[in-house]
Amino acid sequence: MKKIQMVDLKGQYSKIKAEVDSSVLEVLDSTAYINGPKVHGFQKNLEDYLAVKHVIPCANGTDALQIAMMGLGLKPGDEVITADFTFAATVEVIALLQLTPVLVDVDPVTFNIDIDAIKKAITPKTKAIVPVHLFGMCANMEAIMQIAEDHNLFVIEDNAQGIGSTYTYSDGRKAKAGTIGHVASTSFFPSKNLGCYGDGGAIFTNDDELAHTIRGIVNHGMYVRYHHDVVGVNSRLDSIQAAILDIKLKRLDSYNSERRKAARAYSDAFESIDNIITPSGKCDSKSICETCDCHVFHQYTLRVLNTDRDALVKHLNEKGIPCGVYYPIPLHLQKAYLDTRYNEADFVVTNQLVKEVISLPMHTELDDEQIEFITSTVINFVKS
């Protein structure tokens, strides 16, 4: 059996090496390293893939989220509601802009922001909601957009983990994650489903005026060279990364299908184990349906019940199986984001998840032998 990787970027690269190497050499030969043809080509192709009017590439996913908020003109003191159970970047940019983060609990099945918790958290100072499509599963965007409409709020989708996933409305309409809110951000960090070989990110919107503002922000506030019309930053996707991303974009649906296939194999193996809760697609399903498109399994995350999760992590590592705990500490308990407004009774789900979750290897190169070894090792531990 080949060595198990949490993310097998080398194996994935080996299959597209010739195409990637050729495209990168084109950039080197052209010397168009910043805002060159490769960036514009990737931007257009991603707009077509997502069916969104505007993609604005930038330097990384954290910048993308910050710039999206800057573009909306949010002011210091404005409250922004987001999930307590997510990576710190989501709340980090809120604090950096001197906005007020309002952390709320998540759904125990989807791990995404809880709709009732959003409603309870709204105050006259609330200006925006940031749903995170955590681990690749679309948040309940129809309900979130209705809340936003009812209270005149902005919705900023954090799509760093969910690119390629599809949200299905109650009437059957479909839309790609990241194209439903007023604006969205994504990350092209190498381990993402659509990842480059360095840092990269992008902002999506269907709002022409907002897109214009954001295009200025990412380039020092300039629309005409040396004319600074808005306060901006320096955040650009370089041409080499765009060249790599454009090649991988053509394979994104295939990559996501491979992840779903691996997820189904994991879930099938764990099906009869009572103290393992597997992730699913739709929140009303205990399995991953054959037509699942709402989840792209950026992570395959289990909940292990009545089990020493940290001991399981140690056991897997000793067996040569990498794994991750995303996330071990709720954001509301992080030193940087402590706030006397928070009540532990409002974070029942998050406080439980941080004790139970464990993410198994998930990538496009997993094979049946590896999955069988991983699942049998987990099962033997939790049943012992």
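Structure's up top.
Residues numbered from 1 in each chain as written. Predicted model: local features only at pLDDT ≥ 70, side-chain atom pairs only at ≥ 80, totals over all residues. Heavy atoms only, no water.

Visitor: Looking at this model, I keep getting lost on the sheet that holds strand 9 (residues 201–205). Mind explaining?
Guide: Strands in a sheet are paired, the pairing made by backbone hydrogen bonds, and the direction either parallel or antiparallel. Strand order in the open sheet formed by seven strands is 1-9-8-5-4-2-3, with mixed pairing between adjacent strands. Of all strands in the sheet, those bounded by a partner on one side alone are strand 1 (54–58) and strand 3 (100–104). Taking the axes of each pair of neighbouring strands and ignoring which way they run, one obtains an average angle of 25° across the sheet. Where strand 5 (residues 154–158) meets strand 8 (residues 183–187), three bridges bridge the pair, whose relative direction is parallel. What sits directly across from glutamate 157, in strand 8, is alanine 184. (Pairing = 2+ DSSP bridges. Helix = DSSP H or I, 4+ residues; strand = E, 2+ residues; numbered from the N terminus. Axes fitted to C-alpha atoms, helices over the stretch in contact; angles between N-to-C directions.)

Visitor: Can you help me understand the packing of aromatic side chains in this one?
Guide: Aromatic rings considered in pairs are described by the distance between their centres and by the relative angle of their planes. In the structure shown here, the tally under the stated rule is 14 aromatic pairs. Centre to centre, the rings of phenylalanine 87 and tyrosine 327 are 6.4 Å apart; their planes meet at 35°, and the pair counts as tilted. Here tyrosine 327 lies in the loop between helix 10 (309–318) and helix 11 (348–356) and phenylalanine 87 lies in the loop between strand 2 (79–83) and helix 4 (89–96), a separation of 240 residues in the sequence. Aromatic side chains phenylalanine 135 and tyrosine 327 sit 6.4 Å apart centroid to centroid with 20° between the ring planes, which places their arrangement in the stacked category. Residue phenylalanine 135 is found in the loop between strand 4 (126–130) and helix 6 (141–151), and its partner tyrosine 327 is found in the loop between helix 10 and helix 11; the two are separated by 192 residues along the sequence. Given a relative accessible area of 13%, tyrosine 327 falls into the buried group. (Phe/Tyr/Trp six-rings, centres within 6.5 Å; stacked < 30°, edge-to-face > 60°. Buried < 20%, exposed > 50% of the residue type's maximum accessible area, 1.4 Å probe, protein only.)

Visitor: Got a minute to help me understand the environment of arginine 309 in this structure?
Guide: Counting through the fold element by element, arginine 309 comes out in helix 10. On the basis of relative accessibility, which here comes to 6%, the residue arginine 309 falls in the buried class. In this structure the C-alpha to C-alpha distance between arginine 309 and lysine 10, which are 299 residues apart in sequence, comes to 29 Å. Each residue touching arginine 309, except ones within four places of it in the same chain, is listed here: Val304, Val325, Leu353, Val354, Lys355, Glu356, Val357 and Ile358. (Contact = heavy atoms within 4.5 Å.)

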